[in-house]
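Tertiary structure, described
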Amino acid sequence: MKSYQKLTAAQPAACRVEEEGAAPVPSGHGKLAPWWVGSGLLVAAVLLSTITVWVLRQVSGGWLGPTAPPKCLVVPESHRFDCYPERRVVVTQELCESRGCCFIQSPPLAEGKQGVPWCFYPPDFPSYTLESLNQTALGMVGLLVRREKAYYPRDIQKLRLDVEFETDTRLHIKITDAANPRYEVPLDVPRVMKRAENPIYSLNFSWDPFGVVLQRKATGTVLLNTTVAPLIFADQFLQISTSLPSRFLYGLGEHRDTFLHSLDWNTLTLWARDVSPTESFNLYGAHPFYLLMEEGGNAHGVFLLNSNAMEVALQPAPGLTWRTIGGVLDFYIFLGPDPNMVIQQYQQVIGFPAMPPIWALGFHLCRWGYGSSNETWQTVRAMRNYQIPQDGQWNDIDYMDGYRDFTLDSQKFASLPSLVEDLHKHGQRYVMILDPGISSTSPHGSYWPFDEGLRRGLFLNTTQGQPLIGQVWPGFTAFADFSNPDTHQWWLENLQHFHAHVPFDGLWIDMNEPSNFMDGSEDGCPPGELDNPPYTPAVLGDSLSAKTVCASAKQKVSVHYNLHNLYGLMEAKATASALIRIRGKRPFLISRSTFPSQGRYSGHWLGDNRSQWKDMRYSIPGLLSFSLFGIPLVGADICGFSGSTSEELCTRWMQLGAFYPFSRNHNTQNEKAQDPTAFSPAARTAMKDVLLTRYSLLPFLYTLFHRAHLQGDTVARPLFFEFPQDEATWELDRQFLWGQSLLVTPVLEPGVDSVTGYVPQGTWYDFYTGSSVNSSGEMLKMSAPLEHLNLHVREGSILPTQKPGTTTEATRGNPLRLIVALSSHATAWGDLFWDDGESLDTFEKGNYSYVVFNVTQNIFTSTVLHASTEATKVTVGTLSIFGVQKPPSKVLLNGQEKPFSYLDNQVLNVSDLGMSLSQGFSLQWL
């Protein structure tokens, strides 16, 4: 009998493959007896489910219908893997059994809620058999054969299994058609040359039915067990399920959700879609990656490299099912073992994020509906007048002539070139929006972007070979095909023409799901299995073409069916490359649609949110999820995009938003202004103060981005990344850390003057005063009047800060203040990366300074590990040391006595140091 059952601690006898051993010979098919023998748990489950069914039948008056076969009753509810996932279908017993599946009705749930599937796989449902398995230089290659057809068309009978032990912490498993090539994501992934020598995982196989069982060697924890349900691999329906070792699962974007996903029959759909962030909808980007915390604090991650429409079904077993409608099953598994390492290992595959220019980390201001360049300019002047920090001024689509890309409204935005010149004089930058839909209705010869794109054949085409015409802001539009390298050249030329007139500094690419105000095109979509596949995942609108282009549209590399989720990534690649060519400096780019590896080219904002407290709260899980996805430059529209904000909401949101890695206040048209100058003096001052705090922390933040660029560290970080042993941190998503050491606890509710936040075990210091808080790992109530954001510095860390100016350029010339937070052992460590803030590849070319700070035995040392001329322009002015237990009698700087102050809250301040950053020094207190 073929059996699918959750793996217990016992190992399947069918086949055990240690990665260092030789490929075993099949020891007889289907000998899975050890999985069943002696399993008291299983017997209990059978009895329990049988009794449950009997009881339900009594109380429900028999609505369950005829008794299900024993093999169906054996499967506990939480382990029922859905055999009939189609939406908008009332699943009957007849439909279910026509697929060879079990049918047991459950009580109906509230509308829109999913529950236990009525139709689920029996233990003996036919799957693939592993017919052969042979060693290769990097791992193994196997042949999978399906003897009985599954129920989707064009079932693929023979599959090739490739297993590569790529590194000691990374495993690569790929399943594809053994006979015919299939579409695969055109993403550059690392190629390894030799097999891992000491992997921290062991891999076992079940032969019949085929299944993969992956374990962590150190703990024996089963990370993947795909024997729990059948593998299905048809041309347009690929499905594989696994058990999970815990319920603590994160990632799988882009969605509006808590950071920790619910496993209560929760389906997450991945199909890029333009829609205001709403719970349960598929949103702008697709990230088929999850991170899972295991009991004991270990973590692992799984990445499915597949760009087709997809859904991931989570269930309480705990279990997970990947369902995609094209491509191949190409899995990377990252073994950590801690969550930080998992994310680093993931980025070793997809690529590390780009280093942003320093000005990208300043405060940005935008709105749709400034109405004119003069009105935009007035806002900039008001910000300067109140000396509120601002680096970037942005414009939305109202700067364009008729909403057409690469044009300027010559009436309302005539002074835009002068505004940009003025911004540059004041050390500020200009960023403008661009959409991928190119207006197709201008008279021939009057709009070069369309005429030239048409001439060169650079647009998405219909199945008939004509440009697909949809509708976006300018009216009827064609869509640039960024999978075509020739489109990148045309895009560059368009940007060069516009830059000659308006010398923009960064770009904001929107509507790149791609968004379409029509479903498909002006002519709809043709019949056929690309636009109407045998199975459509649970996408908003129930159709792949809902508010986007036809899946059958032709692109250079493949059909849109395969490339849709890559559209934003491909546009970002073209745009980043154009910015480098035009400006010769690090590109600054923010994109709405994203896909794995996007961090190499752009940041992301969380889309068209609303001016509501709920939206502010949801921004933190959004921030943390994109940290997992390797896109650290992320933030939400501060104060909310649509709807009207209130002064209190906007003040609290500006406080939170000052700690978004990408910090921008943005507003829609026809709403009252919400920039800091629009509010009362008290609110304006609170907003200004928190922005000055952000600017003071720029050296620390910039160093965090360097670490992200260099090795894939996160910038905004969940608490459990630093405290993985503390399970109380695993569900927290109302606070976050910057790096290892700065805890941000924002107010997320109206009408309060305090906030309760979790403070992990240890000593934490108030960022502003240096007063200490000793925590055993507990929820603490903190005072939070409207003008205050709670920030705490972790013991043992050193934060490089700087006297803030109103721009990053002004700030960079100011003296540094190093904040030392002593540990209970009176030690501390920190570092600083410093370069010119905008040149390309400064680290790679060696044009940077890197300084390490250390405290031990009452001696602070600054050690220059790498130096450049930039560091000679900066001085270290002040040292503030938190947690100095008793007043020193004297302080020595490089052996010379220095004046100091010591406060009752155990803070030692030494100022007027005047030490060049480019020179090491030591400071001792006695």
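For the structure given in this document, a descriptive report is provided here. (Residues numbered from 1 in each chain as written. Predicted model: local features only at pLDDT ≥ 70, side-chain atom pairs only at ≥ 80, totals over all residues. Heavy atoms only, no water.)

Thoughts on the overall build of the protein chain
Within the protein chain one finds 18 helices and 51 strands. Relative to the 2.2 N^0.38 estimate, which gives 29 Å for 926 residues, the radius of gyration of the protein chain is 29 Å and therefore close to what a compact globule would have. Viewed in the frame of its principal axes, the protein chain has a C-alpha envelope of about 85 × 75 × 60 Å. Counting only residues that meet the buried cut, the protein chain has 63% of its 926 residues in that class. Long-range pairs, those at least 24 residues apart, make up 70% of the contacts in the protein chain with a sequence separation of at least 6. Carbon and sulfur atoms form 52% of the exposed surface of the protein chain, whose accessible area is close to 32,400 Å². Placing the 70 positive and 89 negative side-chain charges of the protein chain at their respective mean positions leaves the two points 2 Å apart. (Helix = DSSP H or I, 4+ residues; strand = E, 2+ residues; numbered from the N terminus. Rg over C-alpha atoms; globule rule 2.2 N^0.38 Å. Buried < 20%, exposed > 50% of the residue type's maximum accessible area, 1.4 Å probe, protein only. Contact = heavy atoms within 4.5 Å. Areas by Shrake-Rupley, 256 points an atom, 1.4 Å probe, with all protein chains shown as cover. Lys, Arg positive; Asp, Glu negative; His and termini not counted. Charge placed at Lys NZ, Arg CZ, Asp CG, Glu CD.)

As for the pairing of strand β5 (residues 139–146)
The buried fraction of β5 is high, at 7 of 8 residues. Direction of pairing for strand β4 (residues 128–135) relative to β5: antiparallel, over a ladder of 7 bridges. Residue pairing in the sheet places Ser-132 in a bridge with Leu-143 of β5. Between β4 and β5, which pair antiparallel one after the other, the connecting turn spans 3 residues. Here 7 bridges tie β5 to strand β6 (residues 158–167), and the two strands are oriented antiparallel to one another. Bridging from a neighbouring strand, Met-140 pairs with Val-163 of β6. (Pairing = 2+ DSSP bridges.)

Comments concerning the sheet that holds strand β21 (residues 392–395)
The parallel open sheet is built from 9 strands, whose spatial order is β29-β28-β27-β26-β22-β21-β20-β31-β30. Because the sheet does not close on itself, it has two edges, and the strands there are β29 (634–635) and β30 (637–638). One ladder, built from 2 bridges, connects strand β28 (residues 603–605) with β29; its direction is parallel. What sits directly across from His-604, in β29, is Val-634.

Side note on the pattern of salt bridges
In total, this model carries 42 salt bridges according to the counting rule given. In this structure, Glu-131 and Arg-147 form a salt bridge, with 2.5 Å as the shortest nitrogen-oxygen distance. With a gap of 16 residues between them, Glu-131 in strand β4 and Arg-147 in the loop between β5 and β6 connect regions that are remote in the sequence. Between Lys-873 and Glu-870 there is a salt bridge; the shortest N-O distance is 3.4 Å. For Glu-870, a relative accessible area of 19% translates into the label buried. (Salt bridge = Lys/Arg side-chain N within 4 Å of Asp/Glu carboxyl O.)

Some remarks on helix α12 (residues 613–628)
Across the 16 residues that make up α12, a large majority, 13, are buried. Note on α12: the residue one or two positions beyond its end, Gly-630, has a positive phi of about 75 degrees.

Points about the packing of aromatic side chains
Taken as a whole, this structure holds 49 aromatic pairs when the rule is applied. Relative to Trp-118, the ring of Phe-103 lies with its centre 6.2 Å away and its plane at 85 degrees, an arrangement referred to as edge-to-face. Within this pair, whereas Phe-103 is found in strand β2 (residues 102–103), its partner Trp-118 is found in the loop between β2 and β3 (119–120), the two being separated by 15 residues in sequence. The positively charged end of Arg-664 is found above the aromatic ring belonging to Trp-508, 4.4 Å away from the centroid. (Phe/Tyr/Trp six-rings, centres within 6.5 Å; stacked < 30°, edge-to-face > 60°. Lys NZ or Arg CZ within 6 Å of the ring centre and 35° of its normal.)

Focus on the sheet that holds strand β23 (residues 437–439)
Spatial ordering of the open sheet is given by β23-β25-β24, a layout of 3 strands whose pairing is antiparallel. Of all strands in the sheet, those with a lone pairing partner are β23 and β24 (470–472), marking the two edges. Taking each pair of neighbouring strands and ignoring which way they run, the sheet shows an average axis angle of 60 degrees. With 3 bridges connecting them, β24 and strand β25 (residues 475–479) associate as antiparallel partners. (Axes fitted to C-alpha atoms, helices over the stretch in contact; angles between N-to-C directions.)

Remarks on the state of the cysteines
Evaluated as defined, the whole model comprises 5 disulfides. The disulfide that involves Cys-96 links it to Cys-119, with 2.2 Å between the sulfurs. Every disulfide takes its handedness from the sign of the S-S torsion; for Cys-96 and Cys-119 that torsion is 90 degrees, giving right-handed. On the criterion of sequence distance, the pair formed by Cys-96 in helix α4 (residues 93–98) and Cys-119 in strand β3 is long-range, its members being 23 residues apart. A single burial state applies to Cys-96 and to Cys-119, both of which are buried. Disulfide pairing places Cys-639 opposite Cys-650 at an S-S distance of 2.0 Å. When the S-S torsion is 85 degrees, as for the bridge of Cys-639 with Cys-650, the disulfide is right-handed. Taken together, the positions of Cys-639 in the loop between β30 and α13 (647–657) and Cys-650 in helix α13 put the pair 11 residues apart, joining distant regions of the chain. The residues Cys-639 and Cys-650 share a single accessibility class, namely buried. Here the disulfide map of the protein chain reads 1-5, 2-4, 3-6, 7-8, 9-10, the bonded cysteines being numbered as they appear in the sequence. (Disulfide = S-S within 2.5 Å.)

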